[in-house]
Amino acid sequence: MLRMSPGSKKGESRAAASPGGILPLDTIFEGDCIAALARLPAQSVDLVFADPPYNLQLGGDLQRPDNSMVDAVDDDWDKFASLRHYDDFTNAWLAAVKRVMKPDATLWVIGSYHNIFRVGASLQDLGFWILNDIVWRKSNPMPNFRGKRFTNAHETLIWASRDQGSRYTFNYEALKAGNEDVQMRSDWLIPLCTGAERLKGDDGRKAHPTQKPETLLARILLAASRPGDVVLDPFFGSGTTGAVAKKLGRHFVGIERDPDYIAYARERIALAEPVDDAAMLAPAEKRSEPRIPFATVIERQLLQPGAILTDTNGRHEARVRVDGSIMLGDIVGSIHKIGALAQGLPACNGWTFWHYREDGKLRLIDEFRTVLRKELAAAG
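The rules behind the values
Numbers given to residues run from 1 along each chain, matching the order in which its sequence is written. Reporting of local features is limited, given that this is a predicted model, to residues whose pLDDT is at least 70; pairs of side-chain atoms are given and counted only at 80 or more, and all residues count toward the totals for whole chains, interfaces and linings. The side-chain values count all of the structure's non-hydrogen atoms but skip hydrogen atoms and water molecules. Only DSSP runs of H or I covering at least 4 residues are called helices, and only runs of E covering at least 2 are called strands; the numbering of each starts at the N terminus. The classification of residues rests on relative accessible area computed with a 1.4 Å probe and restricted to protein chains. Under 20% of the type maximum is buried, over 50% is exposed, and intermediate values are partly exposed. What makes two residues a contact is simply this: any of their non-hydrogen atoms within 4.5 Å. Shrake-Rupley sampling with a 1.4 Å probe provides the accessible areas, and residues are treated as covered by the protein chains on show and by no other component. Classification of ring pairs rests on two measures: the distance between centres of Phe, Tyr or Trp rings, Trp counted by its six-membered ring, which must be within 6.5 Å, and the angle between planes, read as stacked under 30 degrees, edge-to-face over 60 and tilted in between. For every element, the axis is a line fit to its C-alpha atoms; helices are fit only across the contacting stretch, and the angle between N-to-C directions ranges from 0 to 180 degrees. Angle categories: roughly parallel below 35 degrees, roughly antiparallel above 145, roughly perpendicular from 65 to 115, and oblique for all the rest. The hand of a helix crossing depends on one turn: near helix anticlockwise from the far one by less than a right angle means left-handed, and clockwise means right-handed. Asp, Glu, Lys and Arg are counted as charged, while Ala, Val, Leu, Ile, Met, Phe, Trp, Tyr, Cys and Pro are counted as nonpolar; the rest, among them Gly, fall into the polar class. N or O atoms within 3.5 Å of each other form a polar contact, as long as, within protein, one can give a hydrogen and the other can take it, and as long as residues adjacent in sequence are counted only when both atoms are side-chain atoms.

A.B. asks: Could you give an account of the overall build of the protein, naming the residues involved and the relevant values?
C.D. replies: Within the protein, the regular secondary structure consists of eleven helices and 17 strands. In the protein, buried positions account for 43% of the 380 residues. Taking contacts inside the protein between residues at least 6 apart in sequence as the whole, the part at least 24 apart equals 66%. Surface accessibility of the protein: about 20400 Å² in total, with carbon and sulfur atoms responsible for 50%.

Here's what the structure looks like:
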């Protein structure tokens with residue numbers, strides 16, 4: 001029997017309309033994930049994070065060199081009779097997930113070498129379109145106690161859109177801005193979930209053997225969703241996805257069959273504090289803002305032809321031409337092309353490279369673009 005367990009706010013009922021019915025938001029469904037997914041409305045979620053069983057196939061107890069036991073994953077939910085049974089399970093839950101994804105939704109699925117290659121093949125067979133594979137490199141991995149293999153220091157995430165033509169969300173500018181203005185790479189160095197973040201039972205043991213760090217989920221949600229989006233986790237476990245979604249202003253829908261895990265998740269989500277300033281949640285998206293040609297700055301007489309532009313250190317000087325191009329020596333080009341040429345780089349954002357002098361102070365020409373965009377927004 002499928003039951004619903006309240007999510008982040010007790011007694012609060014929230015739902016989103018979608019094709020085929022109403023989706024309860026911030027809710028944990030108790031039961032088998034495939035059965036639960038079949039009861040959700042079609043095309044109702046914006047992003048899926050899935051941490052399915054890895055089918056680790058452990059052959060026996062794992063011991064440290066001092067003969068102490070390793071608290072490894074040996075739960076029944078991670079055991080399958082054969083690889084064929086695991087593949088059948090994977091195809092079933094992926095097909096069920098695809099049905100509830102909106103046309104432009106994306107799926108993130110995490111795994112290890114035991115299962116991720118099989119999951120990737122199933123994804124492609126079912127028509128998902130793989131966008132990236134992400135390597136989660138653990139800064140504090142568990143050692144290889146037997147000394148017969150390399151230390152397993154990473155897990156792999158596959159990021160896929162529902163279809164090849166999906167217009168998926170990717171907050172490129174926000175990720176770049178939070179990464180020292182450098183493009184975010186596909187290898188992420190993030191520590192395992194430890195310390196106060198690791199949930200433990202009354203006996204001091206881990207509440208869940210594969211609890212993922214909130215940092216990992218935060219990066220995923222910030223990369224591929226927007227405030228107010230619905231995030232589905234069909235293997236909800238201890239509720240990391242729900243807690244992070246609540247903090248970041250997203251809604252969650254979780255599915256979990258273990259009532260003990262649900263109890264931990266509910267308590268954890270109830271304690272999660274959402275970001276209280278909506279402005280802090282909005283992704284930086286310069287590419288969605290109106291394009292302002294530099295020529296408009298000259299046309300509006302915010303700068304005069306002949307004005308001198310310089311870099312912040314005064315090593316390069318260029319003159320502004322009447323048509324909005326600039327001249328470095330005898331070379332003429334756009335603010336971007338000339339900025340790149342001056343630095344010996346393949347590309348440059350001229351708006352944030354070139355400065356002009358006003359009242360004895362250097363000011364970025366990007367200030368003109370900001371003024372013009374504000375005027376456009378007011379006019380609109």
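That shown, we press on.
A.B. asks: I'd like a description of the packing of aromatic side chains, backed by residues and values.
C.D. replies: Counted under the stated rule, the structure contains twelve aromatic pairs. Centre to centre, the rings of Phe236 and Phe252 are 5.6 Å apart; their planes meet at 15 degrees, and the pair counts as stacked. You can see Phe236 sitting in the loop between strand S10 (230–233) and helix H6 (240–247) and its partner Phe252 sitting in strand S11 (residues 251–256), a full 16 residues away along the chain. Each member of the pair, Phe236 as well as Phe252, is classed as buried. On the basis of an interplanar angle of 75 degrees and a centroid distance of 5.8 Å, the ring pair of Phe294 and Trp351 is categorised as edge-to-face. Linking Phe294 in helix H8 (residues 294–299) with Trp351 in helix H10 (residues 350–353), this pair joins segments that are 57 residues apart in sequence. Comparing Phe294 with Trp351 shows no difference in burial state: the two are buried. Connected via pairs of aromatic rings, a cluster forms that spans Trp108, Trp159, Tyr168, Phe170, Tyr172 and Trp188.

A.B. asks: So what's going on with the packing of H6 against helix H7 (residues 259–271)? Which residues, and what values?
C.D. replies: Axis separation between H6 and H7 bottoms out at 9 Å; the angle between their running directions is 15 degrees. Our classification of the angle between H6 and H7 gives roughly parallel. The two elements H6 and H7 cross, and the hand of that crossing is right-handed. Every residue of H7 that contacts H6 at Thr240, Gly242, Ala243 and Lys246 is listed here: Arg268, Ile269 and Ala270. Considered class by class, the residues forming the contact of H6 with H7 number three nonpolar, two polar and two charged.

A.B. asks: So what's going on with the packing of helix H2 (residues 83–100) against helix H3 (residues 116–125)? Which residues, and what values?
C.D. replies: When two helices pack together, their arrangement is given by the angle between the helix axes and by the axis-to-axis distance. Their axes nearest at 10 Å, the elements H2 and H3 cross at an angle of 45 degrees. As summarised for this structure, H2 and H3 are arranged oblique, according to the angle between their axes. Along this stretch, H2 crosses H3, giving a crossing that reads as right-handed. In contact with Leu83, Tyr86, Asp87, Thr90, Asn91 and Leu94 of H2, H3 contributes Arg118, Val119, Ser122 and Leu123. For the contact of H2 with H3, a count of residues per class yields five nonpolar, three polar and two charged.

A.B. asks: Explain the side chain of Asp51 to me, using residue names and the numbers behind them.
C.D. replies: Its place among the elements puts Asp51 in the loop between strand S5 (45–50) and H2. Judged by relative accessible area, Asp51 falls into the buried class, the value being 13%. Within polar-contact distance, the side chain of Asp51 engages the side chain of Tyr54 at 3.4 Å. Polar contacts involving the side chain of Asp51 include one to the side chain of Lys212, which spans 2.8 Å.

A.B. asks: Residues and numbers for the environment of Asn91, please.
C.D. replies: Note on placement: Asn91 falls in helix H2. Separated by 31 residues in the primary sequence, Asn91 and Ser122 place their C-alpha atoms 6.1 Å from one another. Setting aside residues no more than four positions away along its own chain, Asn91 makes contact with Ser122 and Leu126.

A.B. asks: With reference to specific residues and values, describe the environment of Glu267.
C.D. replies: Secondary-structure assignment places Glu267 in helix H7. Glu267 gets classed as exposed once you look at its relative accessible area, which sits at 53%. The spatial distance from the C-alpha of Glu267 to the C-alpha of Gly239 is 9.2 Å, given a sequence separation of 28 residues.

A.B. asks: So, the environment of Asn313: which residues are in play, and what are the values?
C.D. replies: Position of Asn313 among the secondary structure elements: in the loop between strand S12 (308–310) and strand S13 (317–320). A relative accessible area of 54% means that Asn313 is categorised as exposed. Asn313 sits 42 residues away from His355 along the chain, and the two C-alpha atoms are 9.9 Å apart.

Spatial relationships are all this shows, so hold off on functional conclusions.
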